[in-house]
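Notes for the structure review
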Amino acid sequence: MTTLLFNENNPKQLLQAAELIKNGEVVGMPTETVYGLAADACNPDAVARIFKAKGRPSDNPLIVHLADFSDAVNYTSYIPQLAYKIADKFSPGPITMIFPKNDRIPYITSGGLDTVGIRIPAHATARKLIELSGCPIAAPSANTSGYPSPTEASHVMLDMNGKIPAVIDGGKCQCGVESTVISFDDDNTVRILRPGFVTKEDLLTLGCEVIVDNAILNEVAEGEKVSSPGMKYTHYSPAAKVTLVEGDSESFSAFANKNKSEDTYFLIFDNDILDNDCNFLTYGSNSTQQAHNIFSCLRRLDELGAKKVYVRVPDKNGVGLAVYNRLIRAAGFEVIKI
Ligand code: TXA
Ligand code: MG
């Protein structure tokens, strides 16, 4: 199969993409977070095609994308009042809320769970595609399972060429990291399962309790029960061996000098300075920029043939927690403190 590259500004091609989805096919879709692999969430055969294209473990559930939060009642059996408050403030946007599912969501979509993650993307093309398709859209990130998430159409093409019929090019994703995933411990308590652009501090403004799940920053032990299946799997890893290095600009520079080699790269902040003969990429000077750049940098390091990558640890506050969470997984939890 040749994978077609559609332009989001071409109405005919958007209609064609919606037709593909109606026919049970999978289409690469831009969102404000990362690109997704979109298919009809209520069609088990279509959803099976997503799992196949990604090589994704069957127990890892897919997020269901809707054009409007008012539609969520049609796929869930209970929505706490707090969820409506969260939706009012942060949706459409980079947040996924987990609710008990109803029978319209097949178990293949929910990875065998009795719950479903619902997200209303802010990206106009994603919402248009959902409306044109006339169905809820299941969409995991559009990378090969385990590899960094795609933030440009070309990344999706690299991973999915020949595996899906089309990718819609919507340019670079604004956020660059996936949505914040939350569940509800009770009617007034939110649990963050994956950090993203909607932060703990943002959620606290609604007057609810917010728990940051332990698995966000710590490695899950073999056989340990997790709140979200995605927490168990290796993630975001380029081919290069990634290690995080925690220290200030000066000590990182000294570390780089000692550890430089032809196929070793350093991923640093924009204002860090390294010796001329150190290979490096920069990933921004604040958390928002670092979130925007992190996945494309990890992919670029593979293109450059990096074998070892040392990353200067980002700030862990606010959106920085999302960047750190992706990096620590890419690094298989290897952190050096200098
Ligand atoms: O920003 C995003 O969320 C992107 C775009 C395409 O919307 N999608 C995305 O999907 O990141 P995916 O499948 O790559 O990550 C979804 C994460 C997984 O870690 C999964 O385990 C968790 O959310 N998840 C989904 N449904 C869940 C559920 N019912 N219970 C617990 N965790 C769930
Ligand atoms: Mg993913």
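None of these values were measured; they are calculated from a predicted model.

**Brief notes about the site of ligand 1**
With respect to spatial proximity, 25 residues lie near ligand 1, and among them Thr33, Asn60, His65, Ser179 and Ser228 are the closest. With respect to ligand 1, the side chain of Thr115 contributes an N or O atom lying 3.0 Å from a nitrogen atom. At 3.0 Å from an oxygen atom of ligand 1 is found a side-chain nitrogen or oxygen belonging to Arg119. For ligand 1, whose free accessible area comes to 680 Å², the fraction covered by protein is 96%. Taken together, the elements giving at least two residues each to the shell around ligand 1 come down to strand S4 (63–65) and strand S6 (115–119). Of the residues forming the shell around ligand 1, the biggest block, 4 residues, is contributed by S6. Of the residues belonging to the shell around ligand 1, the class tally is 10 nonpolar, 11 polar and 4 charged.

**Points about the domain arrangement of the chain**
By a widely used convention, the size of an interface equals the accessible area lost when the partners come together. When cut into domains, the chain gives domain 1 (4–216) and domain 2 (241–337). One C-alpha centre belongs to domain 1, the other to domain 2; they are set 28 Å apart. Where domain 1 meets domain 2, there are 2 salt bridges. As a salt-bridge pair, Asp159 and Arg299 come within 2.9 Å of each other at their nearest N and O atoms. Taken together, the links from domain 1 to domain 2 amount to 11 residue pairs in polar contact (both at pLDDT 80 or more). A breakdown of the residues in the side of domain 1 that touches domain 2 according to their chemical character gives 12 nonpolar, 9 polar and 5 charged.

**Quick word on the side chain of Asn102**
Mapping Asn102 onto the fold places it in the loop between strand S5 (95–100) and S6. In this structure Asn102 comes out as buried when scored by relative accessible area, which is 19%. Among the polar contacts listed, one links the side chain of Asn102 to the backbone oxygen of Asn74, at a separation of 3.0 Å. Within the structure, Asn102 has its side chain in polar contact with the backbone nitrogen of Arg104 (distance 2.9 Å). Once residues lying within four places of it in the same chain are set aside, the contact partners of Asn102 are Val73, Asn74, Tyr75, Thr76 and Ser77.

**Brief notes about the nonpolar core**
Ranked by internal contacts, the top residues of the largest apolar core, which has 48 residues, are Phe69, Ile86, Met97, Ile182, Phe184 and Leu203. Looking at this core, the elements with two or more residues in it are strand S3 (36–40), helix H2 (44–54), helix H3 (81–90), S5, S6, helix H5 (153–160), strand S9 (180–186) and strand S10 (189–194). Setting aside chain neighbours within four positions, we find Met97 in contact with Phe69, Ala83, Ile86, Ala87, Val116, Gly117, Ile118, Ile182 and Phe184. Membership of the second largest hydrophobic core comes to 29 residues, among which are Phe269, Ile294, Phe295 and Val311.

What counts and what doesn't
Residues numbered from 1 in each chain as written. Chains lettered and ligands numbered in written order. Predicted model: local features only at pLDDT ≥ 70, side-chain atom pairs only at ≥ 80, totals over all residues. Heavy atoms only, no water. Near = heavy atom within 4 Å. Polar contact = N/O pair within 3.5 Å; in protein donor to acceptor, adjacent residues only side chain to side chain. Areas by Shrake-Rupley, 256 points an atom, 1.4 Å probe, with all protein chains shown as cover. Helix = DSSP H or I, 4+ residues; strand = E, 2+ residues; numbered from the N terminus. Nonpolar A, V, L, I, M, F, W, Y, C, P; charged D, E, K, R; others polar. Domains from an automatic or database assignment. Salt bridge = Lys/Arg side-chain N within 4 Å of Asp/Glu carboxyl O. Buried < 20%, exposed > 50% of the residue type's maximum accessible area, 1.4 Å probe, protein only. Contact = heavy atoms within 4.5 Å. Core = buried A, V, L, I, M, F, W, Y, C linked by side-chain atoms within 4.5 Å.

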